[in-house]
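Below are the chains, spelled out letter by letter.
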Amino acid sequence: MPTLMFNMFAAHQPRFMVIVLLSIEIITSRCSSTTQELHTGFSATPDSSTASFQAVLNDSSGNFSLGFLRVNRNQLALAILHVPSSEPFWVANPTRAASWSDNTRLFFNGSLVLSDSETRLSWSTATNGDRVVLLNTSNLQVQTQGRPLWESFNFPTNTIVQGQNFTSKMSLLSSNGLYSLRLGSDFMGLYEGNGDLYWKRTVLETKAEVQEGKGPIYARVNPEGYLGMYQTNDEKPADVQKFNSFQQVVTAASFLFVRMESDGNLKGYYWDGSEWLINYQAISETCELPRSCGSYGLCTPGESGCSCLDNQTRFEAGGCFNDVGGELCGEEGIGGNRNGYWVLRKTGVEPPHKELLSHVTKSSLAECEEFCEKNCSCWGALYNNGTGFCYMLDSPIGTLLGSGDATKVGYFKVKKGERENKRVWVRVGIVITVLVMVGIIIVGTGLCVRRWKRRRGVKEEDWASPGPYKNLGSASFRSIEMSNR
């Protein structure tokens, strides 16, 4: 009925019809441009009815969106997602989350700002631009007159996508904050949070040389299927790490990215149009990961499962002993004072990345152990009787490799209380298990005894009790009484 009335009115008012159609076209174009650009005065708050992701800005291809990503039900992160897979590529502030409530607001006033009065979170691009755009590369930019003032590609979190330059001023940090990817003068490396290098890739200089004085190197994921390292903009890589999709046909739907994973590995992924496929791994062997078996754990190549260095403690997820840091020496702070730790020794072990560890040459195992014992910052030492190399470990012990070679011996310090605490909980578990089993046995025995006594009691009554007094209401007693009469 409203449509019919509108058509009848428009038939008599052709000029009005033209004006309405033009207005609708203008409004539509503004709405569509609003989803691809944010201008001064823009403001948005999270919608309570949104289940997972609320988009506020899209790229022109529709493959990427910027918006509110729900985290832990009641929190949110400002994130860029790959729309077909809902995979996040970038997060504005990965260390703190805002609340999913009306207290959180995203607005643009020259700077793109995420503010939450409840958690006192405030994140800003600190710019003076005139618009915000999301490019079809997934790069978010704050621009002024078309020139970028700020872009998300310069602030990666745990992911770099194809075409994005990764420079020596950046780092990729795993979601748990334990591992990172960084560039050196002529290499890229994976580091633990304490700064220990556990994987290194030096440029091979196959197509270009790294020359001193020509600036730092940078890395980039190439759509042709490799992770390259460069020094200049001549597009000739100094090093190429090939992916599984190397030199495959590149389609409009395909996409590549590399991510620093929470297990300490650097992995590459390939979008084939329907799912993400693992395309590359910096570390192919599980035992070579920094903490594949946790603290004071033992990982033997070719064998499944993990064990503990002391052969006594039961392995649990996370490791065998808590790897708390701090001073290992006693309160006096004198080297060699073992008031704060106890010593664990193990034969047939070696570090998973010994080529990256510093070492000294010692004439004997005892000399190697003494060298570590007198050093308050030394957590362990590994000695090779064949070469005389003494490898020093200056951080809490992670996972060691089981080699089966008796000439390779490990000396490790464990903070006092760690083994005792672990064993206390193990003993508590054993005691509880034993008590439960004893209780079951007692209850079961009691039930059996009761049943046996009941059966035996019936038989004794049948054999010993006089007939007339056994059961006065029984049929046998009544028959005897009638016969006497």
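Predicted model only: the values in this text are computed from it and were never measured. (Residues numbered from 1 in each chain as written. Predicted model: local features only at pLDDT ≥ 70, side-chain atom pairs only at ≥ 80, totals over all residues. Heavy atoms only, no water.)

Looking at this model, I keep getting lost on the state of the cysteines. Mind explaining?
Put plainly, two cysteines are in a disulfide when a covalent bond ties their sulfur atoms together. Taken as a whole and judged by the stated rule, the model has five disulfides. Shown here is the disulfide that connects cysteine 308 with cysteine 320, its sulfur atoms set 2.0 Å apart. Classification of the bridge connecting cysteine 308 and cysteine 320 rests on its S-S torsion, roughly -95 degrees, and on that basis the disulfide is left-handed. Here cysteine 320 lies in the loop between strand S27 (307-308) and strand S28 (341-347) and cysteine 308 lies in strand S27, a separation of 12 residues in the sequence. (Disulfide = S-S within 2.5 Å. Helix = DSSP H or I, 4+ residues; strand = E, 2+ residues; numbered from the N terminus.)

I tried to follow the confidence of the model for the protein chain on my own but got confused; where do I start?
Low-confidence regions, as indicated by low pLDDT, have predicted coordinates that should not be scrutinised in detail. The share of residues in the protein chain with pLDDT of 70 or more is 79%, and the mean pLDDT across the chain is 82. In the model of the protein chain, helix H1 (residues 2-12) stands out as the element of lowest mean pLDDT, 39, in contrast to strand S14 (residues 159-161), which has the highest, 98. In the predicted structure, residues 419-426 sits below a pLDDT of 50 and forms eight contacts with residues beyond four places in sequence or in another chain. (pLDDT = per-residue confidence, 0-100. Contact = heavy atoms within 4.5 Å.)

Sorry, what's going on with a nonpolar patch on the surface here?
A contiguous nonpolar surface patch, about 380 Å² in accessible area, is contributed by Ile432, Val436, Met437 and Ile440. Counting through the fold element by element, isoleucine 440 comes out in helix H4 (residues 418-464). (Patch = residues over 30% accessible without salt bridge, like charges linked within 9 Å, V, L, I, M, F, W, Y side chains within 5 Å. Areas by Shrake-Rupley, 256 points an atom, 1.4 Å probe, with all protein chains shown as cover. Salt bridge = Lys/Arg side-chain N within 4 Å of Asp/Glu carboxyl O.)

Explain the packing of aromatic side chains to me, please; I cannot follow it from the model alone.
Geometrically, a pair of aromatic rings is defined through the distance of the ring centres and the angle of the planes. Taken as a whole, this structure holds 18 aromatic pairs when the rule is applied. Between tryptophan 123 and tryptophan 150, the aromatic rings sit 6.0 Å apart at their centres with planes inclined by 75 degrees, giving edge-to-face as the arrangement. On the criterion of sequence distance, the pair formed by tryptophan 123 in strand S10 (residues 121-124) and tryptophan 150 in strand S13 (residues 147-151) is long-range, its members being 27 residues apart. Neither residue differs from the other here; tryptophan 123 and tryptophan 150 are each classed as buried. Plain terms: the ring middles of tyrosine 226 and phenylalanine 246 are 6.1 Å apart, the flat faces sit at 65 degrees to each other, and that makes the pair edge-to-face. (Phe/Tyr/Trp six-rings, centres within 6.5 Å; stacked < 30°, edge-to-face > 60°. Buried < 20%, exposed > 50% of the residue type's maximum accessible area, 1.4 Å probe, protein only.)

In this structure, what is going on with the pattern of salt bridges? I would like to understand it.
Pairing between side chains of opposite charge can happen when the charged atoms of each approach one another. Evaluation of the coordinates by the stated rule reveals nine salt bridges. For the salt bridge of glutamate 87 with arginine 259, the shortest nitrogen-to-oxygen distance reads 2.5 Å. Here the residue glutamate 87 occupies a position in strand S6 (residues 87-91), and arginine 259 occupies one in strand S23 (residues 255-260), the gap between them amounting to 172 residues. Here arginine 259 falls in the buried class, since its relative accessible area comes to 9%. Of the charged contacts, one joins lysine 362 and glutamate 367 as a salt bridge, the two residues approaching to 4.0 Å between their closest N and O atoms.

What is the right way to look at the environment of tyrosine 269 in this model?
Tracing the chain through its elements places tyrosine 269 in strand S24 (residues 266-271). Accessibility expressed as a relative area gives 14% for tyrosine 269, which makes it buried. On a C-alpha basis, the gap between tyrosine 269 and valine 161 in space is 9.6 Å, while along the polypeptide they are 108 residues apart. In contact with tyrosine 269, other than residues within four places in its own chain, are Phe255, Leu256, Phe257, Arg259, Glu261, Trp276, Leu277, Ile278 and Asn279.

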